[in-house]
Amino acid sequence: MVATLRAPIDVQIEITQSCNQKCRHCYNFWRSNGKVIKKGQHFSRSSLQQIINELVLNQVISITITGGEPFIRKDDTFALLSMAKKSGLLASINSNFSLVDDYDIARLANEYDVPILVSLLSSDPDKHALLSGTSKCEYTRVIKSIERAVHYGLPVSINMVLMKENFSDVNDLARLAKELGVKTFCVTKALPNPRNTENDFLLTSKEVLRSLQDLISIEKSLQLPVDVLGCYPKCLLVGSDAYQRFFHRVCVAGKTTITIGSSGEVRPCSHITRSYGNVIEESLEDIWLRMDDWRKDYFLPTLCSNCPISSWCTGGCRVNTLETGFGNMDMHADPEILTGILIDQLNPERFKTKLNDLSGYLVFLHPKVKFREEEFGALVYRSDQWSMIFVNNQASDFLKNLRHGEIFSSDEFLKKSDATCEEEKQTVLNLFNRLISKKILVTSKN
Ligand SMILES: C[S@@+](CC[C@H](N)C(=O)[O-])C[C@H]1O[C@@H](n2cnc3c(N)ncnc32)[C@H](O)[C@@H]1O
């Protein structure tokens, strides 16, 4: 079971259902096999403002504008960016980036400085066109837009949805991403399409692991930051480097995120069709409370319930199942693999800060740090970038009571906690370390 937050942290807003591409693999449930099966809906401006007001009221921290294709409703997308900016909400955009011109990109950079996640399926124009149901010209437009956006200093990342057909293209696309100067190269395994029974494009477990190993090699050889945008059952990754590298990715549906569809319906995750209420008609608070089943391991598959690390792992992805049904096993999970492995060996290296590693370390709280009160303590985040962490009440009080720029050491941080035994001290220092890695605490040397 995970700590219940008072509200989501990030909200995906599907600003429109319309899209200029026809990706067969697309999870948008109003399409099937690349064909639109429902007329494209979109929000009115007043509904968008109503949603933003509701998010601010609930102290949501960020929004991700998605769809459909956000730039098919360019004016609405810019209007939403402007509403978010005025309200102090961080924003980012998921786009295929084929519908923006030079003026849009300059505006995105100069007025919003907004991170863009661009979907690109291959560095081969024919392959990209085939898999996205578009033309080679469209591919050229996407590449030009990325070049321009990088030139304007926008933080652009590429997301490659990986399936059988583009499985062998990862290294070539990574090289192109490096040449283009993108911030991060993400490779995300394709998830089953909720309306499409022809899921023959999905990768096998072996292929998924191979793609993660490829990513780790790319990160080293090209010096290009990499990531994955889905989550993986830990039993799939154990015994490989991917276990340490991608341990942080777990299911966050209804725990830290939700998706608001283009008529206001609220879903725990973009890939899930079940709505828990409509935010145009009732409060987000009520809808969020109704989603408690997602926070109470209600959908943890029975076979995962005896697993020693099920609370960290959350059983992989609730939609990566061969048959629809949230309690089904992730198709890449096999909890028996973990039998006989000691829990300590399953604990990732980065959670194992040595007590004296940090002794005497001097730090101060970054001036742009903000706090969102929670029952267990607080959500601490940087208001100028994507960086956040949960802390308990003691750590929250300690950080909140610091004077502006006040320098303190790990020893003082430890003293303020009530940790007595080595194990508790270790936990406190792990937190101190993570606060530094998240740039919430800044080392006084910097
Ligand atoms: C549905 S798209 C909408 C935004 C935009 N039109 C785009 O292409 O990025 C949102 C994200 O989902 C990813 N995506 C689409 N279908 C997927 C699938 N079956 N599995 C995993 N990710 C998928 C896309 O690559 C994109 O990053």
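Refer to the structure presented above.
> How would you explain the nonpolar core if you had to name every residue and give the values?
Within the largest apolar cluster, 113 residues are counted, with the highest numbers of intra-cluster contacts made by V118 and M160. Beyond its immediate stretch of four places on either side in the chain, M160 contacts L120, L121, V170, L173, C186 and V187.

> Quick rundown of the site of the ligand? Include the residues and the values.
In the vicinity of the ligand lie 19 residues, with E69, N94, N96, S119 and L191 positioned nearest. Secondary-structure elements contributing two or more residues to the shell around the ligand are β5 (90-95), β6 (116-119) and β7 (156-162). Here the residues of the shell around the ligand are counted per class, giving seven nonpolar, eleven polar and one charged.

> Can you lay out the sheet that holds strand β13 (residues 369-374) for me, pointing to particular residues and giving the numbers?
Through backbone hydrogen bonds, the strands of a sheet pair up, either in parallel or in antiparallel fashion. Pairing is antiparallel across the open sheet formed by three strands, whose spatial order is β13-β14-β15. The open sheet has two edge strands with one neighbour each: β13 and β15 (388-392). Averaged over all pairs of adjacent strands, the angle between strand axes in this sheet comes to 25°, irrespective of strand direction. Across the sheet, helix α13 (residues 393-400) lies against β13, β14 (377-382) and β15, angled at about 110° from β15, the strand it touches most.

> I'd like to hear about the sheet that holds strand β12 (residues 362-365), residue by residue, with values.
Pairing is antiparallel in the open sheet, where three strands are placed in the order β16-β12-β17. This sheet does not close on itself; its edge strands, each paired only once, are β16 (408-409) and β17 (441-443).

> Outline unusual backbone geometry, listing residues and values.
In the segment running from G67 into G68, the intervening peptide bond is cis, with an omega of 25°. Structurally, G68 is set in the loop between β4 (62-66) and α2 (74-87). Positive phi is not limited to glycine here, since F97 has a value of about 60°. In this fold, F97 is placed in the loop between β5 and α3 (102-112). What makes F97 buried here is the crowd of 27 C-beta atoms within 10 Å. Of note, T314 is a non-glycine position whose phi angle comes to about 60°, a positive value. Within the secondary structure layout, T314 lies in the loop between α11 (310-313) and α12 (343-346).

Conventions used here
- Residues numbered from 1 in each chain as written.
- Predicted model: local features only at pLDDT ≥ 70, side-chain atom pairs only at ≥ 80, totals over all residues.
- Core = buried A, V, L, I, M, F, W, Y, C linked by C-beta atoms within 7 Å.
- Buried ≥ 20, exposed ≤ 12 C-beta atoms within 10 Å, placed from the backbone.
- Contact = placed C-beta atoms within 7 Å.
- Near = placed C-beta within 6 Å.
- Helix = DSSP H or I, 4+ residues; strand = E, 2+ residues; numbered from the N terminus.
- Nonpolar A, V, L, I, M, F, W, Y, C, P; charged D, E, K, R; others polar.
- Pairing = 2+ DSSP bridges.
- Axes fitted to C-alpha atoms, helices over the stretch in contact; angles between N-to-C directions.

Note that every value here comes from positions in space, so none of it alone points to a role or purpose.
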